[in-house]
Amino acid sequence: MSKTIVVPLQFAPTLVAWQRRHGRHELPWQNTRDPYRVWLSEIMLQQTQVTTVLGYYQRFLERFPAVSDLAAASLDEVLALWAGLGYYSRARNLHACAQAVMTLHGGEFPRSAAGLQTLPGIGRSTAAAVAAFCFGERVAILDGNVKRVLGRLLAFDGDLASSAEEKRLWAFATELLPAEAIESYTQGLMDLGASICSSRSPQCLLCPVADLCAGRIEGEPTRYPVKTRKLKRGRRENWWLWLEREGQVLLQQRPATGVWAGLWSLPLYDDEAALQLDADKLGAKLEVMPRIAHALTHFDWILHTRRADVLIGSVESGPGGVWVARERLADYALPAPLKKLIV
DNA sequence: TTCCAGACTA
DNA sequence: TAGTCTGGAA
């Protein structure tokens, strides 16, 4: 049986006062109640740090100033602009969501968390963030940072790998909400989690709610939140064939599912012999490039690269794909390690 | 080199 | 419940 938790009533007003004085107020997606801008930032900020998002956010807004522009674009263009951010299903859902807003909602985002959550790529926490920031709705967020902040505040010892325990924490998050100033409160949770209440070394001496924090009072705040993980990482090894002819690179589109779904890659082989077979057809003389280590959730990936310049006349017999001029590579969605390799 | 953090979908 | 990408820390 888990211990009894009483939520501290002073948490919300203290956090709100702290956010107003010490929180972030100048991020590009703040100081607006435009749901398009807030939504775009929230999707990009899923699993991605602020510093990484800044440049992408700027480029997206320049190219797609309004949700109608994003909806009218091709998925290929959206993916190309997203390339390097990772978790590409976010880009697919972003595009689908923009189209749903146009076709199902007359070009306006729904004005409630419940309505927002029906859209592709918008889950409970993202819906709540947009509804709180844009419409002042009194509704709780619970992303990874907030789980950490609240887990420590309440010394919540339930295992968040369990959906029942996660549901309990959602209930506490809702119980903690202030009667007003939901915008500052929500931003305060994010700011606290991103700065003082960091994962490994929380700065409790600087924390505005240290007096209220059961995790700190117990003496070991980093014990929380509890999440059992059973991640077993494997290894994979593949070979990339990097062919160039007259300033063009041969690219193949990845399948619609799995790693780098829909992105553009060099021809990828399971072993060196298969690659060599294709290279021989072209009479290509292969150059060995430094191997690349790339980590994904469930495996470490070793990518070997063999590069060759080939003659115009010889390519008919080689691997299929699209020859892309170097200066057009920016139009293609390339995974991060490939971008670093060839651009 | 390995480990970790990070929301949503199917 | 498994799968997904990248950056940064250990």
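What you see is a predicted model, and the numbers here were worked out from it, not measured in a lab. (Residues numbered from 1 in each chain as written. Chains lettered and ligands numbered in written order. Predicted model: local features only at pLDDT ≥ 70, side-chain atom pairs only at ≥ 80, totals over all residues. Heavy atoms only, no water.)

### With respect to the nonpolar core
In step 1: Of all hydrophobic cores here, the largest spans 100 residues; its most connected members are Phe11, Trp39, Leu150 and Tyr185.
In step 2: At nine residues, the largest contribution of residues to this core is made by helix H8 (residues 124-135).
In step 3: Counting the residues that make up this core, at least three belong to each of domain 1 (11-223) and domain 2 (234-342).
In step 4: Excluding residues within four positions of it along the chain, Leu150 makes contact with Phe11, Leu142, Leu169, Ala173, Leu176 and Leu189.
In step 5: Counting residues in hydrophobic clusters, the runner-up holds 11 residues, among them Leu275, Ala279, Leu282 and Val310. (Core = buried A, V, L, I, M, F, W, Y, C linked by side-chain atoms within 4.5 Å. Buried < 20%, exposed > 50% of the residue type's maximum accessible area, 1.4 Å probe, protein only. Helix = DSSP H or I, 4+ residues; strand = E, 2+ residues; numbered from the N terminus. Domains from an automatic or database assignment. Contact = heavy atoms within 4.5 Å.)

### Some points on the pairing of strand E5 (residues 287-295)
Moving residue by residue along a regular strand, the side chains alternate between the two faces of the sheet.
In step 1: Taken together, the seven bridges between E5 and strand E6 (residues 299-309) define a ladder with antiparallel strand orientation. Pairing of Glu287 across the sheet is with Arg307, part of E6.
In step 2: Once E5 ends, the chain turns through three residues before running back antiparallel as E6. (Pairing = 2+ DSSP bridges.)

### Some remarks on the pattern of salt bridges
In step 1: Within the structure shown, the criterion is met by 14 salt bridges.
In step 2: Across the pair Asp331 and Arg328 runs a salt bridge whose closest N-O atoms are separated by 2.6 Å.
In step 3: Looking at Asp331, the relative accessible area reads 41%, which means it is partly exposed.
In step 4: Each of Glu244, Glu287, Arg307, Asp309 and Arg326 takes part in a single network of salt bridges with overlapping partners. (Salt bridge = Lys/Arg side-chain N within 4 Å of Asp/Glu carboxyl O.)

### What to know about the UniProt feature "domain: HhH-GPD" (unreviewed entry) in chain A
In step 1: The UniProt record marks residues 44-195 with the feature "domain: HhH-GPD" (unreviewed entry), using the residue numbering of this structure.
In step 2: Each end of residues 44-195 is marked by a C-alpha atom, and these two atoms are 19 Å apart; helix forms 64% of the span and strand 0%. (UniProt positions renumbered as here; feature names shortened; annotations may be inferred.)

### Re H8
In step 1: For H8, which comprises 12 residues, the first-to-last C-alpha distance of 16 Å matches the rise-based estimate of 16 Å (1.5 Å per residue) to within 8%.
In step 2: Within H8, 11 of the 12 residues are buried, leaving the element largely enclosed by the surrounding structure.
In step 3: Within H8, the full set of buried residues consists of Ser125, Thr126, Ala127, Ala128, Ala129, Val130, Ala131, Ala132, Phe133, Cys134 and Phe135.
In step 4: Tucked into the core, H8 has its buried residues touching helix H2 (35-45), helix H7 (113-116), helix H10 (163-175) and helix H11 (182-194).
In step 5: After H8 finishes, the residue Gly136 shows a positive phi value of roughly 65 degrees. (Expected span 1.5 Å × (residues − 1).)

### A word on the protein's contact with DNA strand B
In step 1: Every one of the 21 residues lining DNA strand B counts as a neighbour, but Gln47, Gly121, Thr126, Gly144 and Asn145 are closest to it.
In step 2: Within 4 Å of the protein, the atoms of DNA strand B are drawn from sugar and phosphate moieties in a proportion of 65%.
In step 3: Between Tyr87 and DNA strand B, the recorded distance is 2.9 Å, taken from a side-chain N or O atom to a base nitrogen.
In step 4: Take Gly121: an N or O atom from its main chain is 2.6 Å from a phosphate oxygen of DNA strand B.
In step 5: Looking at the surface near DNA strand B, the elements that each hand over two or more residues are H8 and helix H9 (144-153). (Near = heavy atom within 4 Å. Polar contact = N/O pair within 3.5 Å; in protein donor to acceptor, adjacent residues only side chain to side chain.)

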